[in-house]
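# Summary of the model geometry
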Amino acid sequence: MRIDVLTVFPAMLDGFIRESMLKRAVALGKVSLHTVDLRDFTDDVHRTTDDRPYGGGPGMVMKPEPIVAAVEAIRTAHSRVILMSPQGQVFGQGMARALAEESHLIFICGHYEGIDERVRGLVSAEELSIGDYVLTNGVLPAAVVVDAVVRLLPGVLGGEGATEEESFSEGLLEYPQYTRPVEYRGLRVPEVLRSGNHAAVAAWRREQAEARTRERRNDLLQ
Ligand code: 9D3
């Protein structure tokens, strides 16, 4: 898979890539990840990427030309173009699974008050949000989506991914986990986990996952 992330803050993402699981995926050749500086697609001496909004109002709007030029330079017939935006469809594990099937993803990150509305249609972008809270720009949202997608690529998590996704796709929260020591500050690890009875362990985990989901995230059970 190839991923390009278009932003005026490429260094923000480069740091994340260098320090995360993404570095391993890149080293293994599972993904080629590129940050693209939108300023490289400007043609004025000031390398301008934003301008004042028509109709007035506070802040600046991202100009269409650098973004459209960058997408047109990078895209192929097989590219899926994703505009990170608070107005987008809310990203979830289902979308992560769908995006993991693609061969080329292009993420556009906004800054300032937003992006000129004409961009979306001109590059046939779908809009994605990561949830209902206000961030200062789209770089962290793009990093969130890239992280969720890349970890699903075959071989990135050494094959654990698939199994874990199955349990997530059942729509339950995870069961509680314990490691040594068996007693810590007077708190003991549940006996069943040390019983060696695999069927009993599986049943206990299932009950715990269901009880947790009911208490904390009843919406997932609906
Ligand atoms: C405060 C400015 N807002 C009113 C004019 C609009 C606005 C523009 C740009 C609000 C946030 C942003 C920056 N956020 C994103 O680009 C973004 C985002 C988010 O803030 N929350 C959840 N998902 C996403 S995806 C992109």
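An account of the accompanying structure is given in this report. Keep in mind that what you see is a predicted model, and the values were worked out from it rather than measured.

## Remarks on the overall build of the protein
Tallying secondary structure elements over the protein gives 8 helices and 10 strands in all. Against the 2.2 N^0.38 benchmark of 17 Å for 222 residues, the protein shows a C-alpha radius of gyration of 22 Å, more extended than a compact globule. In terms of its C-alpha atoms, the protein occupies a principal-axis envelope of roughly 70 × 40 × 35 Å. Looking at the protein residue by residue over its 222 residues, the buried ones come to 38%. In the structure as shown, the protein presents an accessible area of about 13,300 Å², 52% of it carried by carbon and sulfur atoms. The positive charge centre, built from 25 side chains, and the negative charge centre, built from 32, are 6 Å apart in the protein.

## Comments concerning helix α8 (residues 198-216)
Helix length check: α8, at 19 residues, gives a terminal C-alpha distance of 27 Å against a target of 27 Å (1.5 Å per residue), a fit within 8%. Listed as buried for α8 are Val-201, Trp-204, Ala-209 and Thr-213. For α8, the angular spread of the buried residues around the axis is 160°, confining them to a single face. For α8, exposure combined with an orientation more than 90 degrees from the buried face picks out Ala-199, Glu-207 and Glu-215. For α8, the capping residue at the N-terminal end is Asn-197, with a side-chain oxygen 3.2 Å from the backbone nitrogen of Ala-199.

## Describing the sheet that holds strand β4 (residues 61-62)
A sheet is described by the order of its strands in space; here 3 strands give the open sequence β3-β4-β7, paired in mixed fashion. In this open sheet, the two edge strands, each paired with only one partner strand, are β3 (50-51) and β7 (114-115). Of the strand pairs in this sheet, β3 and β4 are connected by 2 bridges, and their pairing is antiparallel. Residue pairing for β4: Asp-51 is matched across the bridge by Val-61.

Parameters and conventions
- Residues numbered from 1 in each chain as written.
- Predicted model: local features only at pLDDT ≥ 70, side-chain atom pairs only at ≥ 80, totals over all residues.
- Heavy atoms only, no water.
- Helix = DSSP H or I, 4+ residues; strand = E, 2+ residues; numbered from the N terminus.
- Rg over C-alpha atoms; globule rule 2.2 N^0.38 Å.
- Buried < 20%, exposed > 50% of the residue type's maximum accessible area, 1.4 Å probe, protein only.
- Areas by Shrake-Rupley, 256 points an atom, 1.4 Å probe, with all protein chains shown as cover.
- Lys, Arg positive; Asp, Glu negative; His and termini not counted.
- Charge placed at Lys NZ, Arg CZ, Asp CG, Glu CD.
- Expected span 1.5 Å × (residues − 1).
- Arc of directions from axis to C-beta.
- Polar contact = N/O pair within 3.5 Å; in protein donor to acceptor, adjacent residues only side chain to side chain.
- Pairing = 2+ DSSP bridges.

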